[in-house]
Amino acid sequence: LQGVDIFMCYWGPTLIAHTIMSWEFADGSHLAASIETRKQVGEEYSAVKGFFRQFEVYYVIADERDVVRLRTSYRKPGEQVFLYRLKVKPAAARSLLLSYIDEINKLAAKPRWYNALTHNCSTTIRYHVRGIHAAGPFDWRILANGEADRMFYERGRIDTSLPFEEM
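Thresholds, definitions, all that
Residues numbered from 1 in each chain as written. Predicted model: local features only at pLDDT ≥ 70, side-chain atom pairs only at ≥ 80, totals over all residues. Heavy atoms only, no water. Phe/Tyr/Trp six-rings, centres within 6.5 Å; stacked < 30°, edge-to-face > 60°. Helix = DSSP H or I, 4+ residues; strand = E, 2+ residues; numbered from the N terminus. Buried < 20%, exposed > 50% of the residue type's maximum accessible area, 1.4 Å probe, protein only. Patch = residues over 30% accessible without salt bridge, like charges linked within 9 Å, V, L, I, M, F, W, Y side chains within 5 Å. Areas by Shrake-Rupley, 256 points an atom, 1.4 Å probe, with all protein chains shown as cover. Salt bridge = Lys/Arg side-chain N within 4 Å of Asp/Glu carboxyl O. Contact = heavy atoms within 4.5 Å. Polar contact = N/O pair within 3.5 Å; in protein donor to acceptor, adjacent residues only side chain to side chain. Pairing = 2+ DSSP bridges. Arc of directions from axis to C-beta.

With that settled, consider the packing of aromatic side chains. Scanning all chains against the criterion turns up 4 aromatic pairs. A centroid spacing of 5.9 Å and a plane angle of 75° characterise the contact between Tyr-10 and Phe-82, whose relative ring orientation is edge-to-face. Of this pair, Tyr-10 sits in strand β1 (residues 3-10) while Phe-82 sits in strand β5 (residues 80-85), and the two are 72 residues apart along the sequence. By relative accessible area, which is 9% here, Tyr-10 ends up buried. Each residue in the set Trp-23, Tyr-59 and Tyr-100 is aromatic and connected to the rest through ring pairs, giving one cluster.

In structure tokens, the structure reads:
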């Protein structure tokens, strides 16, 4: 592993985003993980229902190009997607990936409910990061995750060589 990135995907209001983690390997390949709701055939996502044990959590593991291209090229209209390289040592990136794999295996044995507030695409990433002892203090932007990139910038977790607005 060379590093780990986070994608911030905006489809509407900018206080909320979908987050995707992606690990870069030495050969230049990327493995992405998108934590999502598992919907039944014909079932639509509902933010309100997302609070009430309506959907199970599942992890989409795919080539980075697939999960990003879905959001930028195939959904109408395309979503805005931003990529940030996290300042993480390869050992921590590896621990984070292994944490994801462990959770995926646990979900195969015992499914877990998605919750739009407490167990979603961003709060679940925080659980993984806490599990490898790399989480910072809680911040409101973990819940209003559309602002998480600014939080990462302020904490020095992403490149700070440019002003945030230019990044």
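Moving on to a nonpolar patch on the surface. Judged by side-chain polarity, Val-48, Phe-51, Phe-52, Leu-117, Phe-138 and Leu-143 come together as a nonpolar surface patch covering roughly 620 Å² of accessible area. The topology assignment puts Leu-143 in the loop between α3 (123-131) and α4 (148-154).

Further remarks concern the environment of Thr-37. Relative to the assigned elements, Thr-37 resides in strand β3 (residues 30-38). Residue class for Thr-37 comes out buried when judged on its relative accessible area of 8%. Taking the C-alpha atoms as reference, Thr-37 lies 18 Å from Asp-102; in sequence the two are 65 residues apart. The contacts of Thr-37, once residues within four sequence positions are left out, are Tyr-45, Phe-55, Glu-56, Tyr-58 and Tyr-114.

Attention shifts here to unusual backbone geometry. Within the chain, Arg-53 stands out as a residue other than glycine whose phi angle is a positive 45°. One can find Arg-53 in the loop between β3 and β4 (56-63). Residue Arg-53 is classed as exposed on the basis of its relative accessible area, which comes to 59%.

As for its placement among the helices and strands, Thr-19 is situated in strand β2 (residues 18-24). Among the polar contacts listed, one links the side chain of Thr-19 to the backbone oxygen of Cys-121, at a separation of 3.1 Å. Thr-19 has contacts with Ile-6, Phe-7, Met-8, Cys-121, Ser-122, Ile-125 and Asn-145, leaving out every residue within four places of it along the chain.

It is worth spelling out the pairing of β2 at this point. For β2, the tally of buried residues reaches 7 of 7 residues, placing the bulk of the element in the interior. Of the two faces of β2, both are covered, the one formed by His-18, Ile-20, Ser-22 and Glu-24 as well as the one formed by Thr-19, Met-21 and Trp-23. Both β2 and β3 contribute to a ladder of 5 bridges, which runs antiparallel. In the sheet register, Trp-23 faces β3, and the bridge partner there is Leu-31. Connecting the antiparallel pair β2 and β3 is a turn made up of 5 residues, with Gly-28 showing a positive phi of about 90°.

Listed in full, the buried residues belonging to helix α1 (residues 64-74) are Glu-64, Val-67, Val-68 and Arg-71. With its buried residues spanning 100° around the axis, α1 presents them on a single face. α1 presents Arg-65 and Tyr-74 as exposed residues on the side facing more than 90 degrees away from its buried surface. The elements touched by buried residues of α1 are β1, β2, β3, β4 and β5. The N-terminus of α1 is capped by Asp-63, whose side-chain oxygen sits 2.7 Å from the backbone nitrogen of Arg-65.

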